[in-house]
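Structural features, examined
Spelled out from the first residue to the last, the chains are:
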Amino acid sequence: MIRVEGLHKSFGEQHVLRGIDVDFYEGQCNLIIGLSGSGKTVFLKSILGLHSVDQGSISFDGRILGEMGKKEMKSLRQEMGMVFQGSALFNSLSIEENVRLPLDFFSDMTLEEKAERVRFCLERVRIEVDSFGKTPAELSGGMQKRVAIARAIVLNPKYLFCDEPNSGLDPETAIVIDQLIHEITHEFGMTTIINTHDMNSVLEIGDHVVLMEQGKKAWEGRMDEVLNSDDTSVVDYVFRSNLFKKLRSALRKS
Amino acid sequence: MIYRFLEGLGQYFLFLGEVFHKPEHWKEYGKSFFREIELLGFSSIGLVAFISVFMGAVLTIQTAINLGDPFVPDSYIAIAVREGIILEFAPTIVSLILAGKVGSNIASTLGTMRVTEQMDALRVMGINPASYLVLPKIFACLVFNPILITFSMALGLVGGYYAGDFLGLVNTEVYLTGYFDEFDPFYVVYSLTKTFVFAFIIATVSSFFGYNVQGGAVEVGKASTKSVVTMSFSIILFNYILTNLLLQ
């Protein structure tokens, strides 16, 4: 479990995170939703330790970020996997080398074992063997996202973070990526945190949903509670689009 | 302006501190080093060869025309061309050209990695991006630039010889003896010392600008341009300082 308590973060005069308390549970897809500029990405990067925080604490199964020694921090890093919005694959490396990089740095596996693990991860995200030697530029956006997921899970992490994994993808590919993250989370019992704008993701895979508004947690609940909630923040956020307004009134009528 | 300069200088040294962290996985750094040698070194051979041959040729033509006196032996032309190439053209001018080619490549590569979150990806994995991405580039430049400059000296001299012969400007036998007349090997040491310092400037200054890019594609371009300008200023300045220190 990842526990966040009283988190504050400012950039100069700009107070981006204003005291967030939330728990993210193991074996669940925890979704952070909110409008652009609500602080989602800063929040995610703070949890990852990419931004130092001004106040508050973040703990990973009791281990508090910032209070760990170098060795402990290094071992925690190996328990983390991250899928970036733009995939962040290394252009100079092939697909296979991209996925193998964390193993090259942090495992004592033999070359054969590494190759086997890389093949397993890439096949798990449905990448064909004949694409292993290609460079990221030769793949479609959806395939790049799948390779990024394979790289994120190659060290068998306990915590998986995804920053807008569906951005820039067509609706069909977006569903495939959502399902993949959901399956992997449940299969390996990971604590997964996903930043998203996509309501489809919320309704498909949101085991636990946190709504952020102006740097604060505005609401949290399960995916089935989202559509029925009377909370004004949720109603304002979810039912901005006409499609969801109609869906809500249809649900209410039924 | 002075404050901004000092602030930038301080950031540059802090960046170097981050880069020169002891690597934990030498093998991975080794692989990266050979990739950089290929990318930054081998890919420059053609350009350096082309420029060196023609600069050697032009130096010979200009010197021969300016010293076109029957009482000045052709070996003097060769000596002037040799000193020009070894002392200044190969180490300084070729380093300035490499600053444009290699330096802008480094700055734009690192800048793109920064804005596409590839550096964040390394940090999340527990890899120090400054050290992993920059250290191999520095060593590649320190190792390969002196080789390129030595190669440039040789080709400059060859280009000068053939230009003189082809255009009938010099007596080639006398000219060739001039290349070896009163040759001071320290000039090569001086030249390679400068090259070494310039290589360090090229690798670290371009990396500094690329590594600290914030924003998007426009900022990557700006950082690349800034890095080339700063490298050129630094190379010219250090050329003056080193010449004063080593040749006086």
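Scoring rules and cut-offs
Residues numbered from 1 in each chain as written. Chains lettered and ligands numbered in written order. Predicted model: local features only at pLDDT ≥ 70, side-chain atom pairs only at ≥ 80, totals over all residues. Domains from an automatic or database assignment. Contact = placed C-beta atoms within 7 Å. Helix = DSSP H or I, 4+ residues; strand = E, 2+ residues; numbered from the N terminus. Nonpolar A, V, L, I, M, F, W, Y, C, P; charged D, E, K, R; others polar. Buried ≥ 20, exposed ≤ 12 C-beta atoms within 10 Å, placed from the backbone. Pairing = 2+ DSSP bridges. pLDDT = per-residue confidence, 0-100. Core = buried A, V, L, I, M, F, W, Y, C linked by C-beta atoms within 7 Å. Axes fitted to C-alpha atoms, helices over the stretch in contact; angles between N-to-C directions. Parallel < 35°, antiparallel > 145°, perpendicular 65-115°, else oblique. Left-handed = near helix turned anticlockwise from the far one by under 90°. Expected span 1.5 Å × (residues − 1).

What follows is about the domain arrangement of chain A. Residue and element names in this part refer to chain A. What the domain assignment reports for chain A is domain 1 (2-79 + 158-253) and domain 2 (89-156). Each of domain 1 and domain 2 has a C-alpha centre, and the two are 26 Å apart. Facing the twelve residues of domain 1 at the interface are eleven residues of domain 2. The element that contributes the greatest number of residues to the side of domain 1 that touches domain 2 is helix H6 (residues 171-188), accounting for seven residues. For the side of domain 1 that touches domain 2, the class distribution of residues is nine nonpolar, three polar and no charged.

Taken residue by residue, the interface counts 13 residues in chain B and 15 residues in chain A. Broken down by secondary-structure element, the contributors of at least two residues to the side of chain B that touches chain A are helix H2 (26-41) and helix H5 (118-125) of chain B. Partitioned by chemical class, the residues of the side of chain B that touches chain A number four nonpolar, four polar and five charged.

On to the pairing of strand S7 (residues 159-163) of chain A, then. Residues and elements named next belong to chain A. With five of five residues buried, S7 is to be regarded as a mostly interior element. As judged from the four bridges shared by strand S6 (residues 80-83) and S7, these two strands associate in the parallel manner. Across the sheet, the residue bridging to valine 83 is cysteine 162, located in S7.

Turning our attention to the confidence of the model for chain B. Residue and element names in this part refer to chain B. Looking at chain B as a whole, its pLDDT mean stands at 92, while 100% of the residues score no less than 70. Here helix H7 (residues 172-180) stands out as the element of chain B with the lowest mean pLDDT, 87, in contrast to helix H8 (residues 186-211), whose mean of 96 is the highest. Complex prediction metrics read pTM 0.86 and ipTM 0.85.

As summarised here, the arrangement of the four strands in space is S2-S1-S4-S5 (chain A), forming an open sheet in which the pairing is antiparallel. Among the strands making up the open sheet, the edge pair consists of strand S2 (14-24) and strand S5 (63-64) of chain A.

Attention now goes to the nonpolar core. One finds Ile32, Met82, Ala150 and Phe161 of chain A together with Cys141 and Ile202 of chain B to be the most contacted residues of the largest nonpolar core, which totals 125 residues. Broken down by element, this core gets its largest block of residues, 17 residues, from helix H4 (residues 74-115) of chain B. For alanine 150 of chain A, the contacting residues outside a window of four places in its chain are Val99, Cys121, Leu122, Arg124, Val125 and Ile127 of chain A.

It is worth spelling out the packing of helix H6 (residues 129-166) of chain B against H8 of chain B at this point. Residues and elements named next belong to chain B. Relative orientation of the contacting elements H6 and H8 amounts to 150°, with a least axis distance of 9 Å. Between H6 and H8, the crossing angle belongs to the class labelled roughly antiparallel. Two packed elements cross with a definite hand, and for H6 against H8 that hand is right-handed. Two secondary-structure elements touch here, H6 through Ala130, Val134, Lys137, Ile138, Cys141, Leu142, Asn145, Pro146 and Ile149 and H8 through Ser191, Leu192, Thr195, Phe196, Ala199, Phe200, Ile202, Ala203, Thr204, Ser207 and Tyr211. In the contact of H6 with H8, the residues fall into 14 nonpolar, five polar and one charged.

This next bit is on the pairing of strand S1 (residues 2-11) of chain A. All names here are of chain A. As judged from the eight bridges shared by S1 and S2, these two strands associate in the antiparallel manner. By the bridge assignment for S2, isoleucine 2 is matched with phenylalanine 24. Hairpin connection from S1 to S2: two residues lie between these consecutive antiparallel strands, with glycine 12 at a positive phi of about 65°. In this sheet, strand S4 (residues 55-60) lies alongside S1 in antiparallel orientation, the contact comprising five bridges. Across the sheet, the residue bridging to isoleucine 2 is phenylalanine 60, located in S4.

Next up on the list: the sheet that holds strand S10 (residues 216-221) of chain A. All names here are of chain A. The six strands lie next to each other as S6-S7-S8-S3-S9-S10, forming an open sheet whose pairing is mixed. Either end of the sheet is taken by a strand with one partner, and the two such strands are S6 and S10. The mean angle between the axes of side-by-side strands here comes to 20°, regardless of whether they run parallel or antiparallel. Across the sheet, helix H5 (residues 141-153) touches S6 and S7, and the angle it forms with S6 is around 170°.

Looking now at the packing of helix H3 (residues 45-66) of chain B against H6 of chain B. Any two packed helices are characterised by the angle at which their axes cross and by the distance between the axes. Residues and elements named next belong to chain B. One way to put it is that H3 packs onto H6 with a least axis distance of 7 Å and a crossing angle of 45°. The pairing of H3 with H6 is recorded here as oblique in orientation. Between H3 and H6 the crossing geometry is right-handed. Along its contact with H3, which presents Val48, Ala49, Ser52, Val53, Phe54, Met55, Gly56, Ala57, Leu59, Thr60, Ile61 and Ala64, the element H6 presents Leu148, Phe151, Ser152, Leu155, Gly156, Leu157, Val158, Gly159, Gly160, Ala163 and Gly164.

Helix length check: helix H1 (residues 2-19) of chain B (18 residues) gives 25 Å between terminal C-alpha atoms against 26 Å at 1.5 Å per residue, within 8%. The buried count for H1 of chain B comes to one of 18 residues, which makes it a mostly uncovered element.

The topology assignment puts threonine 196 of chain A in strand S8 (residues 191-196). Spatially, the C-alpha atom of threonine 196 of chain A lies 16 Å from that of isoleucine 149 of chain A, the residues being 47 residues apart in sequence.

Another point: the environment of glutamate 204 of chain A. Residues and elements named next belong to chain A. Here glutamate 204 shows up in helix H7 (residues 199-205). Given 16 C-beta atoms within 10 Å, glutamate 204 falls into the partly exposed group. Separated by 26 residues in the primary sequence, glutamate 204 and aspartate 178 place their C-alpha atoms 7.7 Å from one another. Contact partners of glutamate 204, with chain neighbours within four places excluded, come to Ile175 and Asp178.

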